[in-house]
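Descriptive structure summary
So you can see what is in the structure, the chains are spelled out below.
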Amino acid sequence: MATEIQATSIDYRAVLREVRKRRKLLYKVLAVTFVLSTLYIFCIPRYYTTDTKMAPETESSIGGGTLGSIASSFGFDLSDMETSDAITPLLYPDLMEDNGFVTGLFPIQVKTQDGSVNATYYDYLKKHQKFPWWTRMMGAVMNLFPKKAEGGKQGKADPYILSKDDDDIAGAIRNQVKLSTDKKTGVITITVKAQDRLVCKIVADSVRGHLQQFISEYRTNKARTDLEYYKKLVAEAKHEYQKARQLYGSYSDENSDLVLESYRAKREDLENEMQLKFNTYSALNTQMQAAKAKVQERTPVFTLIKGAAMPIKPAGPKRMFFVIEMLMLAFIGTSIYVMRDILRTEDNALDE
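**What to know about the overall build of the chain**
Within the chain one finds 11 helices and six strands. For the chain, with 352 residues in total, the buried portion stands at 31%. For the chain, long-range pairs separated by at least 24 residues make up 77% of all intrachain contacts whose partners lie at least 6 apart in sequence. Here the chain has roughly 23,300 Å² of accessible surface; of this, 57% comes from carbon and sulfur atoms.

Given below as structure tokens:
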């Protein structure tokens, strides 16, 4: 056992000695690796990231009470049980998979920090992105082949029937905008990546506003539908009431001097009908006001926990770490190559 350990130790020392003997090879490999990795990583455009956090108001029936506190202490989340909404906060990140939501981000107006670009988010991603030289070269080669032109419509048409350009931009947005929800607290985090610091902040704020609008419209959808229905009924009832009032007024003016019971009876009938129309109009108007209050009640309140700050330093690529990692891999690879030569030499010696 001790002999094997000693042999293993001698082998490692032999590797180190062989590496020293072949240090010129090691220097060449490290130098080539340094140059190639540096050329590669400096061609990759730098990008910035920022995030913003918010907490939407939820309907509380269980989670806000004692039972919810006890369940939370054991790591259980009862937020899904305490709301009748089909879309819970845990499903909000899945909205980025919906073309309707993503194409709604196309018209966001962005501006770069140096002021050289002031365009929509769609145009910024399509026309003002930096790419490595090999990507630009491949694009130039692809442009040599004629293809059917597909003009992007920036989501103004059906968002579920996209052109190739629009679909590519939607995919780029999905890669640069991420939504996540904390299962315990329900806090929504929006993380945005962009090649410009100011664009990064603008997009994060705009996505938060877009998400708030979506949540508000979803939560108030039924209440707004009811409100529109009552508005229609109130308008019809008001028209019927005004018609009955005009008919009663005209009849009363024309027969004000007559004392026949038949005329009085007809006038009373018209007055009663007018009163019924007014009562209907008044009742529907009350229900419409209640529907307005319901819309306000269903509109959620959002608490901004963390605003999107303009990043100071780029988030990537980590150029220094990348070069160091490549040098370490080159050193390990060279050592394995030397070790293979040593093992091959030892095998030949044993065969002899």
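From this point, the narrative continues.
**Things to note about the packing of aromatic side chains**
Evaluation of the coordinates by the stated rule reveals eight aromatic pairs. On the basis of an interplanar angle of 35 degrees and a centroid distance of 5.6 Å, the ring pair of tyrosine 40 and phenylalanine 322 is categorised as tilted. You can see tyrosine 40 sitting in helix α2 (residues 23-43) and its partner phenylalanine 322 sitting in helix α11 (residues 319-351), a full 282 residues away along the chain. Between the aromatic rings of tryptophan 133 and tryptophan 134, the centroid separation amounts to 5.4 Å while the plane-to-plane angle is 85 degrees, which identifies the pairing as edge-to-face. Residue tryptophan 133 is classed as partly exposed on the basis of its relative accessible area, which comes to 45%. Put simply, the rings of Tyr40, Trp133, Trp134 and Phe322 touch in pairs and so form one group of aromatic residues.

**Thoughts on the confidence of the model for the chain**
Per-residue pLDDT for the chain averages 82, and the proportion of residues at 70 or more is 80%. Confidence drops under a pLDDT of 50 for residues 1-10, and excluding neighbours within four residues, the segment shows zero contacts in the predicted structure. Of the regions scoring below 50 in pLDDT, residues 61-67 engages in 12 contacts with residues more than four places distant in sequence or in other chains.

**Structural notes on the environment of valine 234**
For valine 234, the location among the structural elements is in helix α9 (residues 221-254). As a C-alpha pair, valine 234 and asparagine 285 span 51 residues in sequence and 5.9 Å in three-dimensional space. Sequence-distant contacts of valine 234, defined by excluding residues within four places in its chain, comprise Tyr281, Leu284, Asn285 and Met288.

**Quick notes on a nonpolar patch on the surface**
On the surface, Val32, Phe34, Val35, Leu36 and Leu39 cluster together to form a nonpolar patch covering roughly 480 Å² of accessible area. Tracing the backbone shows valine 35 in helix α2. For valine 35, a relative accessible area of 45% gives the class partly exposed.

**Thoughts on helix α8 (residues 197-219)**
For α8, which comprises 23 residues, the first-to-last C-alpha distance of 33 Å matches the rise-based estimate of 33 Å (1.5 Å per residue) to within 8%. Those residues of α8 that sit buried are Arg197, Val199, Cys200, Val203, Ala204, Val207, Arg208, Leu211, Ile215, Ser216 and Arg219. The N-cap of α8, judged by a side-chain oxygen 3.0 Å from the amide nitrogen of leucine 198 a few residues on, is aspartate 196.

**Thoughts on a positive patch on the surface**
Taken together, the side chains of Arg13, Arg17, Arg20 and Lys21 make up a positively charged region of the molecular surface. Relative to the elements of secondary structure, arginine 17 occurs in helix α1 (residues 2-21).

**With respect to the pairing of strand β5 (residues 188-194)**
Burial within β5 is extensive, with five of its seven residues counted as buried. Relative to β5, strand β1 (residues 48-56) runs antiparallel, the two sharing seven bridges. Residue pairing in the sheet places lysine 53 in a bridge with threonine 189 of β5. With five bridges connecting them, strand β4 (residues 177-181) and β5 associate as antiparallel partners. By the bridge assignment, valine 177 is partnered in β5 with valine 192.

**Let's talk about the sheet that holds β5**
Pairing in this open sheet of four strands is antiparallel, and the strands run β4-β5-β1-β6 from one edge to the other. Of all strands in the sheet, those with a lone pairing partner are β4 and β6 (302-306), marking the two edges. Taken pair by pair, the neighbouring strands of this sheet meet at an average axis angle of 25 degrees, ignoring direction. Note: β1 against β6, four bridges, orientation antiparallel.

The rules behind the values
Residues numbered from 1 in each chain as written. Predicted model: local features only at pLDDT ≥ 70, side-chain atom pairs only at ≥ 80, totals over all residues. Heavy atoms only, no water. Helix = DSSP H or I, 4+ residues; strand = E, 2+ residues; numbered from the N terminus. Buried < 20%, exposed > 50% of the residue type's maximum accessible area, 1.4 Å probe, protein only. Contact = heavy atoms within 4.5 Å. Areas by Shrake-Rupley, 256 points an atom, 1.4 Å probe, with all protein chains shown as cover. Phe/Tyr/Trp six-rings, centres within 6.5 Å; stacked < 30°, edge-to-face > 60°. pLDDT = per-residue confidence, 0-100. Patch = residues over 30% accessible without salt bridge, like charges linked within 9 Å, V, L, I, M, F, W, Y side chains within 5 Å. Salt bridge = Lys/Arg side-chain N within 4 Å of Asp/Glu carboxyl O. Expected span 1.5 Å × (residues − 1). Polar contact = N/O pair within 3.5 Å; in protein donor to acceptor, adjacent residues only side chain to side chain. Lys, Arg positive; Asp, Glu negative; His and termini not counted. Charge placed at Lys NZ, Arg CZ, Asp CG, Glu CD. Pairing = 2+ DSSP bridges. Axes fitted to C-alpha atoms, helices over the stretch in contact; angles between N-to-C directions.

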